[in-house]
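For reference, the chains in residue letters:
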Amino acid sequence: MSHISCEWIEYRMVMDPWQLKFCCKPFSDSGGFVPICDYDGGPFPIETLLKERDNLRRLNNTEGAYSPCQGCVLLQKKNWKPLEGAALFNQIEINNFTMCNLKCVYCYTVLRPELKLPQYAYDLKPALQELIDKGCLAKDSIIEWAGGEPTILPDFRNIQQLLLNHGYMQTIFTNAVLFSEEIERGLRQGKMTMTTSVDSGTAETFKAVKGRDHFHKVWENLAKYIKTGGQISIKYVMRRDNSGMGDLKGFIELCKQHSVPFIAIGPDVNEVQNNSVSDETLRGAAFLSREAERHGIRHMIQYDYFGSRYSEEINIYRSASRRILKQIKTGFKNAIAAATTQRRSDARDANDKPPIYCENSQLTGLWHALEETGTGVCIEIQGNKMYAAWCTYDQSGKPVWHSSLAIENENSSYEGPLWEWSGTPIEEEAPAPLSKKVIGNVSLKFTSDSQVLATTNCNDDVRESTLRKSKPDIPGRFHTAAINIINSWWYDPRHIGMGFFLDVHADHMSVLWFHYDEDTMPRWRVVHAAPFAMPFGMTGYRGELQEWTRNKSADETSLPVRIKCLDSVELYPDFENGTISVQWNDHIYKLRKFKIE
């Protein structure tokens, strides 16, 4: 039976110093980090956890009841299948320690000593052993190590023997000051991914940022880890004091020398929160990205941490020529204007390069009419043109879609023909002839940023409805960085006539997939995708592909009903190249932005 919940409630747990928690996500109205119970070691409170899990489900599914998850974008209604056997978890995040052999200047333990968090709250092995012995951990469970430096925990070696012998996957964040044979083993077996923040290209800067003089020792240990062939990411946290060319060039040279497989480039989040990220830092992030690309090193810029404003400036620096980079040293504003003009000119001149950013992110999105539940309109505006598609149902209740290319008129409304399409079913690779026919016309007039009056005329059947944005803009790490990049229409050039509309809110992604059924008539499906961790510190998004139908109640009220959940769909955004890969079953669709002609 379906109910409202999330991956964290159903399958995961966080082990904090004094508590067990359902999650570590700050997306709910109450601030997230929802507690389960107090815990400081000893017998694991399984009965209490089950009781609190059931209670939280009840609160989330009782209309009018207050839940600590209220307002969280990760909540979704679906059939949450239990794990196999007695398993209660498929992911555990360990965060019960702050013990570390470095003093990084951006660490919360250094910035907030008044918190007085424990070095190591309790021994982990007895708790993990109990969970394993009782079958509470699924066979494919992931153990993620946060906290301080895990390799110096007194029972780290014994815990690793336990976890590796049982074959559990681990994600570990280590500063690599000490070499761990257990991490080396995990990397060789493909049962561990590792991330290390080096944050410098010289020993002097390493000591200033990391608080200890271990630069050469860290690189010596990283070289040993890299030789395992395991999944390793070297991170550079960009700050005001480590963004100079000497450090950046030194870092790239070391990455080349040691054949570093992957680089992650991120900001000091404290500088982002204080709005104090320097121009030099932004230029440095762009420089590292370009140099990694030039030398064939896989890498990513963590745009979600930089935020939309800083991400935009980084991208301008990345695309700027060396001539413009020289101008930047003498005039930042002039260089930005020159790079922006060139980028827009390139976008106009290259028909095969659709725009990367939405031109009207306030109006672009998923809209719905309150009186027509289960339906929606996907809208994107580029210049004076709007492309819209209606999610609706035919007389038999099957989902169908219509679309329109509308042009803005003098009355600030958009008018255009209403089309019905036919084309190739998604399971078939060979393209069938694509055709569309006009079934009427449509007019859309925005009365505000959150309301639009839609009028359709099909064979003299005139209908009006007031549409509203389906969701408010919810602050979130993914949303602030990517809304202008992701929210809009996407398509695979190999499948012309089929489209994807993506709508991002916080870390959650809604996908409307417009395609064709076996009868070649238009159909649409829905994916509500939540983030999941990938190797090298990257993030993918996964959700079930849902088919909808509509029945009539006794009083003729239209009720949407999801009749089928198909296999899961995975999406992999590539922010730097402005592309998205979508995987469903054995199909992989390479999407790029749709340019309205």
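Look above for the structure.
Fair warning: this is a prediction, and the values are worked out from it, not measured in the lab.

(A) Spatial organisation of the packing of helix α9 (residues 245-257) against helix α11 (residues 279-294). Put simply, α9 and α11 touch, their axes get as near as 10 Å, and they point 25 degrees apart. The orientation of α9 with respect to α11, classified from their angle, is roughly parallel. Considering the relative orientation of α9 and α11, their crossing is right-handed. Residue-level contacts link Met245, Leu248, Lys249, Phe251 and Ile252 of α9 to Gly284, Phe287, Leu288, Glu291 and Ala292 of α11. Taken together, the residues of the contact of α9 with α11 break down into 7 nonpolar, 1 polar and 2 charged.

(B) Quick look at the sheet that holds strand β11 (residues 262-267). Strand order in the open sheet formed by 10 strands is β4-β3-β2-β6-β7-β8-β9-β10-β11-β12, with mixed pairing between adjacent strands. The open sheet is flanked by β4 (35-38) and β12 (298-301), the only strands paired with a single partner. Each neighbouring strand pair of the sheet contributes to a mean axis angle of 15 degrees, computed without reference to strand direction. Where strand β2 (residues 12-15) and strand β3 (residues 19-21) come together, 2 bridges link them in antiparallel fashion.

(C) Examining the sheet that holds strand β19 (residues 451-458) more closely. Read around the closed barrel, 8 strands run β13-β14-β15-β16-β17-β18-β19-β20, paired in antiparallel fashion. Adjacent strand axes in the sheet meet at a mean angle of 30 degrees, parallel and antiparallel pairs treated alike. The sheet contact formed by strand β13 (residues 365-369) and strand β20 (residues 461-469) spans 3 bridges and is antiparallel. Note on β20: the bridge partner recorded for Ala369 is Leu467.

The rules behind each value
- Residues numbered from 1 in each chain as written.
- Predicted model: local features only at pLDDT ≥ 70, side-chain atom pairs only at ≥ 80, totals over all residues.
- Heavy atoms only, no water.
- Axes fitted to C-alpha atoms, helices over the stretch in contact; angles between N-to-C directions.
- Helix = DSSP H or I, 4+ residues; strand = E, 2+ residues; numbered from the N terminus.
- Parallel < 35°, antiparallel > 145°, perpendicular 65-115°, else oblique.
- Left-handed = near helix turned anticlockwise from the far one by under 90°.
- Contact = heavy atoms within 4.5 Å.
- Nonpolar A, V, L, I, M, F, W, Y, C, P; charged D, E, K, R; others polar.
- Pairing = 2+ DSSP bridges.

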